[in-house]
Amino acid sequence: QIILKDFILKFKENNNLILDKITLELNKNESILIQGESGSGKTSLINLLSGIYKPDSGDFILNGKKVEINNILPLDNLGFVTQDTFMFDDNIKNNIAIGLPSHEINLDKINDLIKKVELESFINNLDNGLDTIIGERGARISGGQSQRIGIARALYKNPDIIIFDEATSSLDKINEKKIFEILDKLRKNVTIIVISHNLIDNFNFDKKYELKNGKLNLI
């Protein structure tokens, strides 16, 4: 469990508030929506969650124990899926187990993840399967396929939390629906945080928040 309590974050340049005494509780295997317009502070909140930013004040409670603000470290159990998941001009396998040499890649794990993100049929129909080169920025595959590979990449390191930052905003409705169907199957094993400009109605979140004028409120 992670609790951000009464977090305040200010611009260093002018001391203006970015986030104003926000409180957010993350429980194991919970699904959360954080909705807010551009400029509402969503990126700053993500940076707080990941430990990149430190708040000016507030309490950080990790599994019931308070952690001093200056001692907050970037969480090593986070996975990210962004709006534009970057694909390297490499094969599918290496784009999932990103950064690992070939001899260290767990193929059984890769194949299990491919099933979870529902890419098994697509990959089985490719001449070179997981060794298929997808081109610079995934030019040889669709946006929906790129996002599913991005989810598999995020899951490969066994995160406790996955943050989906506008991950479906560039997809059509069919692919968006498919991504949320995949998330519904994953929710039993990982905490899911979806960051979105829009209110999402096609997924049964455990909690929904609106971030507006630096305030985070349940909706």
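For clarity, every value in this text was computed on a predicted model and none was experimentally measured.

Draft legend 1. Molecular detail of the overall build of the protein chain. Along the backbone of the protein chain there are six helices and ten strands. In terms of overall size, the protein chain behaves like a compact globule, its C-alpha atoms giving a radius of gyration of 18 Å where 219 residues would be expected to give roughly 17 Å. A principal-axis box enclosing the C-alpha atoms of the protein chain has dimensions of 55 × 35 × 35 Å. The 219 residues of the protein chain split such that 49% are buried. A separation of at least 24 residues holds for 69% of the contacts in the protein chain among residues at least 6 apart in sequence.

Draft legend 2. Summary view of the nonpolar core. Core analysis: the largest hydrophobic core is formed by 37 residues, its most contacted members being Ile96, Ile110, Ile151, Phe164, Leu183 and Val194. Within the residue set of this core, elements represented by two or more residues are α2 (92–96), α3 (107–116), α5 (143–156), β7 (161–165), α6 (173–186) and β8 (191–196). For this core, the leading source of residues is α5, giving six residues. Of all hydrophobic cores here, the second largest spans 25 residues; its members include Leu4, Ile32, Ile193 and Leu216.

Draft legend 3. View of the environment of Lys21. Take Lys21: it is sitting in strand β2 (residues 17–26). Along the primary structure Lys21 and Gly214 are separated by 193 residues, whereas in three dimensions their C-alpha atoms are 8.3 Å apart. Each residue touching Lys21, except ones within four places of it in the same chain, is listed here: Asp6, Phe7 and Ile8.

Draft legend 4. Local environment of the sheet that holds strand β4 (residues 57–62). The sheet built from four strands is open, its strands ordered β2-β1-β4-β5 with antiparallel pairing. On the outer flanks of this sheet lie β2 and β5 (65–67), each paired with one strand and no other. On average, each strand axis in the sheet is inclined to that of its neighbour by 25°, with strand direction left out of account. As paired strands, strand β1 (residues 2–10) and β4 are joined by five bridges and run antiparallel to one another. Within β4, the residue paired with Ile8 across the bridge is Ser57. Contacting β1 and β2, helix α1 (residues 42–49) crosses the sheet at an angle of about 55° to β2.

Draft legend 5. Quick look at the sheet that holds strand β10 (residues 215–218). The mixed open sheet is built from six strands, whose spatial order is β6-β7-β8-β3-β9-β10. Since the sheet does not close on itself, it has two edges, and those belong to β6 (78–82) and β10, each with one partner. Ignoring strand direction, the axes of neighbouring strands in this sheet form an average angle of 20°. Alignment of strand β9 (residues 207–212) against β10, held across four bridges, turns out to be antiparallel.

Draft legend 6. Summary view of the environment of Tyr209. Its place among the elements puts Tyr209 in strand β9. Along the primary structure Tyr209 and Leu33 are separated by 176 residues, whereas in three dimensions their C-alpha atoms are 6.0 Å apart. For Tyr209, the residues in contact, after removing those within four places along its chain, are Thr23, Leu24, Glu25, Ile32, Leu33, Ile34, Gln35, Leu216, Asn217, Leu218 and Ile219.

Draft legend 7. Focus on the packing of aromatic side chains. One pass over the full model with this rule turns up three aromatic pairs. Judged by centre distance (5.0 Å) and plane angle (75°), the ring pair of Phe86 and Phe88 falls under edge-to-face. Overall, Phe88 belongs to the partly exposed group, its relative accessible area being 39%. Measuring from ring centre to ring centre gives 5.6 Å for Phe180 and Phe203, while their planes differ by 45°; the resulting arrangement is tilted. You can see Phe180 sitting in helix α6 and its partner Phe203 sitting in the loop between β8 and β9, a full 23 residues away along the chain. For Phe180, a relative accessible area of 4% puts it in the buried group. Grouped by ring-pair contacts, the aromatic residues Phe180, Phe203 and Phe205 constitute a single cluster. Positioned above the aromatic ring of Tyr156 is the side chain of Lys109, whose terminal nitrogen or guanidinium carbon lies 4.7 Å from the ring centre.

Conventions and cut-offs
Residues numbered from 1 in each chain as written. Predicted model: local features only at pLDDT ≥ 70, side-chain atom pairs only at ≥ 80, totals over all residues. Heavy atoms only, no water. Helix = DSSP H or I, 4+ residues; strand = E, 2+ residues; numbered from the N terminus. Rg over C-alpha atoms; globule rule 2.2 N^0.38 Å. Buried < 20%, exposed > 50% of the residue type's maximum accessible area, 1.4 Å probe, protein only. Contact = heavy atoms within 4.5 Å. Core = buried A, V, L, I, M, F, W, Y, C linked by side-chain atoms within 4.5 Å. Pairing = 2+ DSSP bridges. Axes fitted to C-alpha atoms, helices over the stretch in contact; angles between N-to-C directions. Phe/Tyr/Trp six-rings, centres within 6.5 Å; stacked < 30°, edge-to-face > 60°. Lys NZ or Arg CZ within 6 Å of the ring centre and 35° of its normal.

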